[in-house]
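So the chains spell out like this:
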Amino acid sequence: MDKIIKNGTIITATDTYKADIAIKDGKIIMIGESLNDIEAKEIIDASGKLILPGAIDAHTHLEMPFGGTVSADSYGAGTRAAACGGVTTVFDFALQKKGEGLIQTAEGRNKLCEPNACVDYAFHVAITDLTKEVLLELKTAVEYGISSFKVFMVYKKEGLMVNDGVMCKILERSKEVGALIAVHAENPDLIDMRIDEFLKAGKTSPWYHYLSRPEFVEAEADKRAIHWAKALNAPLYIVHLANKEGMEEVKKARDEGYEIYAETCPQYLYFTNEVYKREDGRNFVCSPPMKGQDSQDALWKGIKSGDIATIATDHCPFQSYEKDWGKDDFTKIPNGCMGIENMYPFMLSEANNGRLSYNKVVELCSTNPAKIFGCAPEKGTIAVGSDADIVIYDPCKQFTITKENMHSDVDHTIWEGVKLNGYIDMTFSRGMLVFKDGQFLGKYGWGKFIKRKGRK
Ligand code: DUC
Ligand code: ZN
Ligand code: ZN
């Protein structure tokens, strides 16, 4: 054996039990009550610690051209921060350029990602130009191992948006080929109209970023997306759900038996729109924006009821000087925040504080994304035969997030000063130790592209 992790408490989405784990060639080979007779090159004592599957961040934007710049974490830096936050698989968004094929888009991004990734990764390709060829290629892309695609209902001026007709065509085709469509739901016409009014009135602070995209702007698009998915009986995944009315619509559709998945992000579970009144409010500018307390409460309720399927980060950070472009005009602030290193520790700290169970955190941050996006059971659980993507968590360690103890390339964090009850001790990616006691120990280029299964 390469490694045995002894004396820890294993947490999966369904079970909590004490056992030892034996690892060989990057896989979990054995799980047993006490693997004392097995020889191993290394024994890791996890007494008093929890052993969890590595998290899957199913929503990142690494070195992505956006907002007049490129998001500040490269594939190397972003996946390094991921490893240090217990994330062992990252799903990045690859934006299709006009005229490009879907596999071509993914392969283009892979050229940047493969030499640098510190953890395993996959791509959702964002469809921005639906030609006849692209419609046909959806099938080939699923066979290639890319089984999820994104559509934007916003970013019209930026050339990323698809209209309702295109969205419906994609949804219909996704059903035929066994793909899952993820949607960013906000209403662009309302946003543009409101931005125009605010700028004309000289209302330029980050608070007006929120007011240009308030609850109802997101809710309308959630409802529209769900309406089309229901009408076509196609599965749908709503990314970064942040509002109460949308949450209620998801719940209603799910209660009616439709396959609708909702993802939310840690920033919506911790911060509210009050952040936009702060001096550093521009650092929190992302889309959709943080919403009011009622929405945050509804998201937590959705977690409890099972109507939130996953937590992911929408990690898309920008440096302070880039955020400062919008000091006097919120429309000039590049949209996006950091979170890849904070998601799992934050959610686990909430579990440690009794807000939800550790099993539920594992389900939301690891098992569900693996199942929904076609990479279970290799990813997303602790089981014999699964990849040894493992986090050892110390529930007694107290941790305060600060820019200095983070591992991304960004010069600030919206999570500055947040205190966590419990923290990650170690992260293993396919059996290799990539994080220990605050230090990144991984390797650039270690991460592998994950070929995923389609839905049938
Ligand atoms: N929202 C952001 O805030 N950043 C990147 C893309 C997005 O949809
Ligand atoms: Zn988005
Ligand atoms: Zn996003």
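(A) Region of interest: the nonpolar core. Core analysis: the largest hydrophobic core is formed by 125 residues, its most contacted members being Phe-149, Leu-236, Met-290, Ile-303, Tyr-344, Met-347 and Cys-365. Here this core gathers at least three residues from each of two domains, domain 1 (3–52 + 379–440) and domain 2 (55–372). Residues contacting Met-290, with those up to four places away along its chain left out, are Tyr-210, Gln-267, Tyr-268, Phe-271, Thr-272, Asn-273, Val-275, Tyr-276, Phe-284 and Cys-337. By size, the runner-up hydrophobic cluster in this structure holds 16 residues, among which are Ile-56, Ala-58, Val-239 and Ile-372.

(B) Here's a closer look at the coordination of the zinc ion (ligand 2). The zinc ion (ligand 2) binds to the protein through His-184 (ND1) and His-240 (NE2), with metal-donor distances spanning 2.1 Å. The metal-metal distance between the zinc ion (ligand 2) and the zinc ion (ligand 3) comes to 3.3 Å. Here His-184 is found in strand β12 (residues 180–184), whereas its partner His-240 is found in the loop between β13 (236–238) and α8 (244–255), with 56 residues between them in sequence. One exposure class covers both His-184 and His-240, and it is buried.

(C) Quick look at the environment of Pro-395. In this structure, Pro-395 sits in strand β16 (residues 390–400). For the pair Pro-395 and Leu-348, spaced 47 residues apart in sequence, the C-alpha separation works out to 8.6 Å. Pro-395 has contacts with Gly-48, Lys-49, Leu-50, Asn-352, Tyr-358, Asn-421 and Gly-422, leaving out every residue within four places of it along the chain.

(D) Fine view of the site of ligand 1. The local shell around ligand 1 consists of His-61, Phe-66, Tyr-155, His-184, His-240, Cys-286, Ser-287, Asp-314, Cys-316, Asn-335 and Gly-336. At 2.9 Å from an oxygen atom of ligand 1 is found a side-chain nitrogen or oxygen belonging to His-184. Take Asn-335: an N or O atom from its main chain is 2.9 Å from a nitrogen atom of ligand 1. Taking a 2 Å distance to the grid points as the criterion, the majority of the atoms of ligand 1 fall inside the largest cavity. Residues that form the shell around ligand 1 fall into these classes: four nonpolar, six polar and one charged.

(E) Seen up close, unusual backbone geometry. That bond from Ser-287 to Pro-288 is cis: its omega, -5 degrees, falls within 30 degrees of zero. Tracing the backbone through its elements, the reader meets Pro-288 in the loop between α9 (266–270) and α10 (293–305). With omega at 0 degrees, the peptide bond leading from Ala-376 into Pro-377 counts as cis. Along the polypeptide, Pro-377 turns up in the loop between α13 (358–372) and β16. Backbone geometry at Glu-63 places phi at a positive 30 degrees, although glycine is not the residue there.

(F) Expanded view of the pairing of strand β5 (residues 50–53). Both faces of β5 are covered, namely the face carrying Leu-50 and Leu-52 and the face carrying Ile-51 and Pro-53. Pairing analysis gives four bridges linking β5 to β16, with the strands arranged antiparallel. Along β16, the bridge assignment pairs Leu-52 with Val-391.

(G) Fine view of the side chain of Thr-310. Relative to the assigned elements, Thr-310 resides in strand β15 (residues 310–311). Setting aside its immediate chain neighbours within four residues, Thr-310 contacts Tyr-237, Ala-262, Glu-263, Thr-264, Leu-364, Asn-368, Pro-369 and Ile-372.

(H) A look at the domain arrangement of the chain. Parsing the chain into structural domains produces domain 1 (3–52 + 379–440) and domain 2 (55–372). For domain 1 versus domain 2, the distance between C-alpha centres works out to 27 Å. The interface is formed by 41 residues belonging to domain 1 together with 45 residues belonging to domain 2. Between domain 1 and domain 2 the total buried area reaches about 3700 Å² when both faces are included, carbon and sulfur atoms providing 61% of it. A per-residue breakdown of the area domain 1 buries against domain 2 is headed by His-412, Ile-414 and Trp-415, which together make up 21% of the total. Here domain 1 and domain 2 share three salt bridges between them. One salt bridge in this structure joins Asp-409 and Arg-80, with 2.9 Å as the shortest N-O distance. Taken together, the connections running from domain 1 to domain 2 amount to 21 residue pairs in polar contact (both at pLDDT 80 or more).

(I) The arrangement of the coordination of the zinc ion (ligand 3) in detail. For the zinc ion (ligand 3), the full set of protein donor atoms is His-59 (NE2), His-61 (NE2) and Asp-314 (OD), and the range of their distances to it is 2.0 to 2.1 Å. In the primary sequence, the donor residues of the zinc ion (ligand 3) line up as H-x1-H-x252-D.

(J) Here's a closer look at empty space enclosed by the protein. All chains considered together, the criterion is met by three cavities of 30 Å³ or more. Taken as a whole, the largest cavity holds about 120 Å³ of empty space. For the largest cavity, the lining is made up of 15 residues, of which His-61, Phe-66, Tyr-155, Ser-287 and Asp-314 are closest to its centre. In terms of residue class, the lining of the largest cavity is built from seven nonpolar, six polar and two charged. Of the voids in this model, the second largest cavity is the one considered here, and its volume is about 100 Å³. Taken together, His-315, Met-338, Gly-339, Ile-340, Glu-341, Asn-342, Lys-403, Met-406, Ser-408, Val-410, His-412 and Thr-413 make up the lining of the second largest cavity. Counting only domains with at least three residues in the lining of the second largest cavity, you end up with domain 1 (3–52 + 379–440) and domain 2 (55–372).

(K) Up close: the pattern of salt bridges. Taken as a whole and judged by the stated rule, the model has 34 salt bridges. Across the pair Asp-196 and Lys-200 runs a salt bridge whose closest N-O atoms are separated by 3.0 Å. Highlighted residues: Asp-196 and Lys-200, both in helix α5 (residues 188–200), separated by four residues, approximately one helical turn. Judged by its relative accessible area of 40%, Asp-196 falls in the partly exposed class. When the shortest N-O distance is used, the salt bridge between Arg-455 and Glu-259 registers 2.0 Å. Of this pair, Arg-455 sits in the segment after β19 (439–440) while Glu-259 is found in the loop between α8 and β14 (260–264), placing the two residues 196 residues apart along the sequence. On the accessibility criterion, Arg-455 (31% relative accessible area) is partly exposed. A single salt-bridge network, built from bridges that share partners, covers Lys-27, Asp-120, Lys-379, Asp-387, Asp-389 and Arg-430.

Conventions used here
Residues numbered from 1 in each chain as written. Chains lettered and ligands numbered in written order. Predicted model: local features only at pLDDT ≥ 70, side-chain atom pairs only at ≥ 80, totals over all residues. Heavy atoms only, no water. Core = buried A, V, L, I, M, F, W, Y, C linked by side-chain atoms within 4.5 Å. Buried < 20%, exposed > 50% of the residue type's maximum accessible area, 1.4 Å probe, protein only. Domains from an automatic or database assignment. Contact = heavy atoms within 4.5 Å. Donors = N, O, S within 2.8 Å, 3.2 Å for Na, K, Ca; no water. Helix = DSSP H or I, 4+ residues; strand = E, 2+ residues; numbered from the N terminus. Near = heavy atom within 4 Å. Polar contact = N/O pair within 3.5 Å; in protein donor to acceptor, adjacent residues only side chain to side chain. 1 Å grid on protein atoms, 1.4 Å probe; cavity = no way out; pocket = protein on both sides within 12 Å on 5 of 7 lines; lining within 4 Å. Sits in = over half its atoms within 2 Å of the grid points. Nonpolar A, V, L, I, M, F, W, Y, C, P; charged D, E, K, R; others polar. Pairing = 2+ DSSP bridges. Buried area = accessible area lost by both parts, 1.4 Å probe. Salt bridge = Lys/Arg side-chain N within 4 Å of Asp/Glu carboxyl O. Points joined across faces, edges and corners; volume = space filled by probe spheres on them.

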